[in-house]
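Residue strings, one per chain:
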Amino acid sequence: MNTQVKSELLISPFLVMFLVHGTQYGIGVLSFQRSLVKIVGNDAWISIIATGIVIHFLIWILYSMLNKNKGDLISIHQQTFGKWLGNFLSTLYILFILSQATIVLRSYIEIVQVWMFPLLKTWPFALVILLGVYYVVIGGFRVVTGVCFLAVVVPFYLIFTFFAPIEFSNFRNLLPIFDHSFIEMAQSLKGVGFTFSGFEYVLFYYPFIKRPESSQKWAHFANLFTTALYLFIMVITLAYFEKEYLKTVIWPTLMMWKIVELPFVERFEIIGVTSWAVVMMPIICVMFWAASRAIKQVFKVKQRKSLVLLLFICFIVSCSLTNREKIQQYNDWITEIGFYIIFLYLPLLFICFHIRYKVRGKS
């Protein structure tokens, strides 16, 4: 089943770089260091490189399926497993996307509540953000892409703030190198792999790309750029913090921003948290666009109606996560599921798809 899209709705292949990087470089940047250091300590930077290489392989897997199918995840599921089982798997994936979007939204609101407005209630802030998401998504995929472009370009200045801790860093903290076993390094993939997620949404917007086969190199460039940023931040974090202290810090990136001094602002981390709204917004937009479009294809429901339902569910679940323990538990649960979907299910789908493709070709 091919998915036809009007030519005026298509985007240029190079914009895939902003879509992939815009969804990879998200809320996890503020806290990914802690979970990695708990597993592999000073070798965390090696884990970043290894994860980036694995993601390159997964991007190749996705494009291998999409270039043959010429559709999206829904059509791949239907072609591989049949209509009923394929639609069932697509429905499960929609629920996973909704869960992802919810934890991204709630995690950012928690950061705002802790660092800026302790008395801020969850529901008004969530409502404002979700109304903004609705406005962007109903504008169509080209608008969503434009928001991703701005989310990469506008807050780019924050990268330069990570040079500030270098003056107070001790790069001996990175030694000794290769101090952990292969099993521990493999386990660290689970700790950071979900932070790299976002590239897999090419499974949904592939039909909206002009000459989609040529966009693969831009997806790889995006992942390379993301890996370089995560590696840079991880090295600076390891050099700046003592390892034992880093295990206790929830948001190491925000802690590093506390040392940035500007003549016109006393607490730069407030600027960082505020700017991160621009980073977080397109991630949620892409997620809700993908989920609502998938519902349209599977259940033949208008995308606008399904979008309203998804936003309402996200709003209710976000408001029900009232404390740090619930948020962390929900985040751990989604991270666990996300790891198995991205690193196990997608390669399995790749194998099943190509077996079915070859069988059909022979018949």
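Let me sum up the structure you'll find in this document. These numbers were taken from a predicted model, which means no experiment stands behind them.

Reading the values: rules and limits
Residues numbered from 1 in each chain as written. Predicted model: local features only at pLDDT ≥ 70, side-chain atom pairs only at ≥ 80, totals over all residues. Heavy atoms only, no water. Axes fitted to C-alpha atoms, helices over the stretch in contact; angles between N-to-C directions. Helix = DSSP H or I, 4+ residues; strand = E, 2+ residues; numbered from the N terminus. Parallel < 35°, antiparallel > 145°, perpendicular 65-115°, else oblique. Left-handed = near helix turned anticlockwise from the far one by under 90°. Contact = heavy atoms within 4.5 Å. Nonpolar A, V, L, I, M, F, W, Y, C, P; charged D, E, K, R; others polar. 1 Å grid on protein atoms, 1.4 Å probe; cavity = no way out; pocket = protein on both sides within 12 Å on 5 of 7 lines; lining within 4 Å. Points joined across faces, edges and corners; volume = space filled by probe spheres on them. Core = buried A, V, L, I, M, F, W, Y, C linked by side-chain atoms within 4.5 Å. Buried < 20%, exposed > 50% of the residue type's maximum accessible area, 1.4 Å probe, protein only. Expected span 1.5 Å × (residues − 1). Arc of directions from axis to C-beta.

**Some words on the packing of helix H6 (residues 122-137) against helix H14 (residues 268-299)**
With their axes 9 Å apart at the nearest point, H6 and H14 run at an angle of 60 degrees to one another. Classified by the angle their axes make, H6 and H14 are oblique. Both H6 and H14 take part in a crossing whose hand is right-handed. Across the interface between the two elements, Ile129, Leu130, Gly132, Val133, Val136 and Val137 from H6 touch Met280, Met281, Ile284, Cys285, Phe288, Trp289 and Ser292 from H14. When the residues that make up the contact of H6 with H14 are grouped by side-chain class, the tally is eleven nonpolar, two polar and no charged.

**A few points about the layout of surface pockets**
Roughly 820 Å³ of internal volume is contained in the largest pocket. As for the largest pocket, its lining consists of 36 residues, of which Gly28, Ser31, Thr195, Asn331 and Thr335 are closest to the centre. The element best represented in the lining of the largest pocket is helix H16 (residues 324-362), accounting for seven residues. Residues belonging to the lining of the largest pocket are distributed by class as follows: 14 nonpolar, 15 polar and seven charged. By volume, the second largest pocket is sized at about 380 Å³. Taken together, 15 residues line the second largest pocket, and the ones lying closest to its centre are Gly140, Trp289, Arg293, Lys296 and Gln303. Looking at the lining of the second largest pocket residue by residue, the classes come out as eight nonpolar, three polar and four charged.

**Quick look at the nonpolar core**
In terms of nonpolar packing, the biggest core is built from 126 residues, with Phe204, Trp276 and Phe288 touching the most fellow members. A total of 18 residues in this core trace back to one element, the largest contributor, which is H14. The contacts of Phe288, once residues within four sequence positions are left out, are Leu98, Ala101, Leu130, Val133, Val137, Leu307, Leu310, Leu311 and Cys314.

**Remarks on H6**
Its 16 residues place the ends of H6 22 Å apart at the C-alpha level, agreeing with the 22 Å of an ideal helix rising 1.5 Å per residue. All of the buried residues in H6 are Thr122, Ala126, Ile129, Leu130, Val133, Val136 and Val137. End-on, the buried residues of H6 take up no more than an arc of 110 degrees, which puts them together on one face. The outward face of H6, more than 90 degrees from its buried face, is lined by the exposed residues Val128, Leu131 and Tyr135. Where the residues of H6 are buried, they touch helix H5 (83-115), helix H7 (141-153), H14 and helix H15 (303-320).

**Describing empty space enclosed by the protein**
With the rule as written, the count across this model stands at one cavity of 30 Å³ or more. Its volume calculated, the largest cavity comes out at about 120 Å³. Lining the largest cavity we find His21, Gly22, Tyr25, Ala151, Val152, Pro155, Phe156, Leu158, Ile159, Leu229, Trp276 and Val279. Those elements giving two or more residues to the lining of the largest cavity turn out to be helix H1 (16-24), H7, helix H8 (158-161) and H14. By residue class, the composition of the lining of the largest cavity is ten nonpolar, two polar and no charged.

**Quick look at the packing of H5 against H15**
The geometry of H5 relative to H15 is characterised by a closest axis approach of 9 Å and an angle of 50 degrees between their N-to-C directions. As summarised for this structure, H5 and H15 are arranged oblique, according to the angle between their axes. The way H5 lies across H15 gives a crossing that is right-handed. Judged by residue contacts, Leu98, Ala101, Thr102, Leu105 and Arg106 of H5 engage Leu310, Ile313, Cys314, Val317 and Ser318 from H15. When its residues are assigned to classes, the contact of H5 with H15 shows seven nonpolar, two polar and one charged.

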